[in-house]
Amino acid sequence: MGGKSYLIRKRRCRICGSRDVEVFLRSYNLTLCRKDFISFFKKRVEEGIRFFRMFSRDDKVVVGISGGKDSLAVLDVLHELGYDVEAVFIDLGIHNVSEKAREVVEKFCEERGIILTLIELERGFGLRMDEIAKRLNRGESACSICGVIKRYYLNKFCIEKDAVLVTGHTLWDEAAVLLGNLVQWKIEYLVRQDAVLPKEEGFVRKVKPLIFVGEKETAVYCYFRGIDVFEEVCPLSKGATSRVYKRNILSLEREFPGMIIRFVKGFYKNKKRGMIFGREAIDNVAKEVSLCQRCGYPTIAAGLCKVCRLKERLGRDGKGSCCE
Ligand code: SF4
Ligand code: ZN
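Conventions adopted
- Residues numbered from 1 in each chain as written.
- Chains lettered and ligands numbered in written order.
- Predicted model: local features only at pLDDT ≥ 70, side-chain atom pairs only at ≥ 80, totals over all residues.
- Heavy atoms only, no water.
- Helix = DSSP H or I, 4+ residues; strand = E, 2+ residues; numbered from the N terminus.
- Phe/Tyr/Trp six-rings, centres within 6.5 Å; stacked < 30°, edge-to-face > 60°.
- Buried < 20%, exposed > 50% of the residue type's maximum accessible area, 1.4 Å probe, protein only.
- Lys NZ or Arg CZ within 6 Å of the ring centre and 35° of its normal.
- Pairing = 2+ DSSP bridges.
- Expected span 1.5 Å × (residues − 1).
- Contact = heavy atoms within 4.5 Å.
- Near = heavy atom within 4 Å.
- Nonpolar A, V, L, I, M, F, W, Y, C, P; charged D, E, K, R; others polar.
- Axes fitted to C-alpha atoms, helices over the stretch in contact; angles between N-to-C directions.
- Parallel < 35°, antiparallel > 145°, perpendicular 65-115°, else oblique.
- Left-handed = near helix turned anticlockwise from the far one by under 90°.
- Donors = N, O, S within 2.8 Å, 3.2 Å for Na, K, Ca; no water.
- Tetrahedral: all angles 85-135°; square planar, octahedral: opposite > 155°, others 65-115°.
- 1 Å grid on protein atoms, 1.4 Å probe; cavity = no way out; pocket = protein on both sides within 12 Å on 5 of 7 lines; lining within 4 Å.
- Points joined across faces, edges and corners; volume = space filled by probe spheres on them.

Colleague: I tried to follow unusual backbone geometry on my own but got confused; where do I start?
Modeller: Trans is the prevailing form of peptide bonds, just as negative phi is the prevailing case for residues other than glycine. The phi angle at N29 is positive, at roughly 50°, despite the residue not being glycine. Along the chain, the position of N29 falls in the loop between β1 (21-25) and β2 (30-33). For E201, which is not glycine, the phi dihedral falls at a positive 30°. Positionally, E201 belongs in the loop between β7 (196-197) and β8 (206-207).

This is the structure in structure tokens:
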């Protein structure tokens, strides 16, 4: 095969043969036209749902959306595939950010006829996230506290709806978390790390359908589908360690294309086969869950859950409803 014919072949869409190629996916060595990229993307999402048996068409599915490309892409795909899906947005009250993100999600859902529920943190918790961030102790990361708060309200909302909670975590997020857990040997976290967290004792079923899809792909998908996304960086994200792991995992991907998908798939395949953790490791992380004495939310620590402890520390009683 001569160099010229190779170049011509490379310029054709691998699926339909058209010369109208718009995407080259280096990790898969795949060139695609716009139409076939969109089907490829949807298939990857469906593959994740099937591989992990995340949910079926009989389930009510709620997608937690932030206005960013990942959560809007997964919501769009599930809606397109005909799942019984609705959306929830937590207005964190981050100055100059949350208002704009809220406008984006409202427009997105309105255009598609998707039911959207808004949860205002200030109403439920008594403080906005930027106020909470100011009151944290030195060295405490706003993102980890924000994560706890978001999980709490999303879980509560989905329990009321008896729904499966979908998040927009992607392959890259999963790889970054896996790398972080491995380099610090957080065995407990590694045992728990999964694309599906089962429904149990006050916790809803949580799933990540973008487990086999990278962020570059979600960006291209949103662009091709004409989805307006909220792109501003959250001012509270400075110093988040997850960003460091993500940067490093991406530099490995640049050196070894396809590495991220092999890393994450390999982890889950071997975990499924029982090749990574023995019974002892699994039993060791099984902790007894009790209910928070104030709000009834399940908690591993005795007494109050993390959110009620945080409210107490910040001097808020947190009474009142946060859903509109
Ligand atoms: Fe919350 Fe951090 Fe995300 Fe900002 S970047 S919304 S603080 S998790
Ligand atoms: Zn509580």
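Colleague: How should the packing of aromatic side chains be read in this particular structure?
Modeller: Here a ring pair, both rings aromatic, is described through the centre-centre distance and the interplanar angle of the planes. Taken as a whole and assessed by the stated rule, the structure comprises 15 aromatic pairs. Ring geometry for F52 and F212: centres 6.0 Å apart, planes at 35°, overall tilted. Of this pair, F52 sits in the loop between α2 (34-51) and β3 (60-65) while F212 sits in the loop between β8 and α10 (215-224); the two residues are 160 residues apart in sequence, bridging distant segments of the chain. Overall, the relative accessible area of 1% leaves F212 in the buried class. The ring of Y83 has R57 lying over it, and the distance from NZ or CZ to the ring centre is 4.3 Å.

Colleague: What is the right way to look at the sheet that holds strand β5 (residues 116-120) in this model?
Modeller: Backbone-to-backbone hydrogen bonds join strands into a sheet, with any given pair of strands oriented parallel or antiparallel. Within the open sheet, the 6 strands sit side by side as β5-β4-β3-β6-β8-β7. Their pairing is mixed. Strands at the two margins of the open sheet, each flanked by one partner only, are β5 and β7. Pairing geometry for strand β4 (residues 84-91) and β5, over 5 bridges, is parallel. In the sheet register, F89 faces β5, and the bridge partner there is L118.

Colleague: For this particular structure, what's the right way to read helix α8 (residues 171-183)?
Modeller: Residues that lie three or four places apart on an α-helix share one face, since the helix turns once every 3.6 residues. Between its terminal C-alpha atoms α8 stretches 18 Å, which fits the 18 Å expected from 13 residues at 1.5 Å a residue. By the criterion of burial, α8 is predominantly enclosed, with 10 of the 13 residues buried. Among all positions in α8, only L171, W172, D173, E174, A175, A176, L178, L179, G180 and N181 are buried. Those residues of α8 hidden inside the fold are in contact with α9 (187-192), α10, α11 (241-255) and α12 (259-272). Looking one or two places after α8, you find W185, whose phi comes out positive at around 50°.

Colleague: Any chance you could explain the site of ligand 1 here in plain terms?
Modeller: Taken together, L92, C143, C146, K150, C234, L236 and S237 make up all the residues around ligand 1. The class makeup of the residues in the shell around ligand 1 is 5 nonpolar, 1 polar and 1 charged.

Colleague: Before we go on, may I ask you to explain the packing of α2 against α10 in this structure?
Modeller: The description of two packed helices rests on the angle between their axes and on the distance between the axes. Where α2 meets α10, the closest approach of the two axes is 10 Å, and the angle between their N-to-C directions is 125°. Comparing their axes, α10 and α2 come out oblique. The hand of the α2/α10 crossing is left-handed. Of the residues in α10, those touching α2 at R34, F37, I38, F41 and K42 are E217, T218, V220, Y221, Y223 and F224.

Colleague: Before we go on, may I ask you to explain the coordination of the zinc ion (ligand 2) in this structure?
Modeller: Ideal donor angles around a metal are set by the shape: a four-donor tetrahedron calls for 109.5 degrees, a six-donor octahedron for 90 or 180 degrees. The protein atoms donating to the zinc ion (ligand 2) are C292 (SG), C295 (SG), C305 (SG) and C308 (SG), with metal-donor distances spanning 2.2 to 2.4 Å. Here the zinc ion (ligand 2) binds 4 donor atoms, and the angle range of 106 to 113° at the metal identifies the geometry as tetrahedral. Between consecutive donors of the zinc ion (ligand 2), the numbers of intervening residues give the motif C-x2-C-x9-C-x2-C. In this pair, the class of C305 matches that of C308, namely buried.

Colleague: Where do I start with the layout of surface pockets in this structure?
Modeller: Over the atoms, a rolling probe the size of a water molecule traces out where space has been left empty. Approximately 380 Å³ is the volume attributed to the second largest pocket. What lines the second largest pocket is a set of 18 residues, and nearest its centre among them are R26, S27, W172, K216 and E253. When residues of the lining of the second largest pocket are traced back to their parent elements, those giving at least two are β1, α8, α10, α11 and α12. Looking at the lining of the second largest pocket residue by residue, the classes come out as 11 nonpolar, 2 polar and 5 charged.

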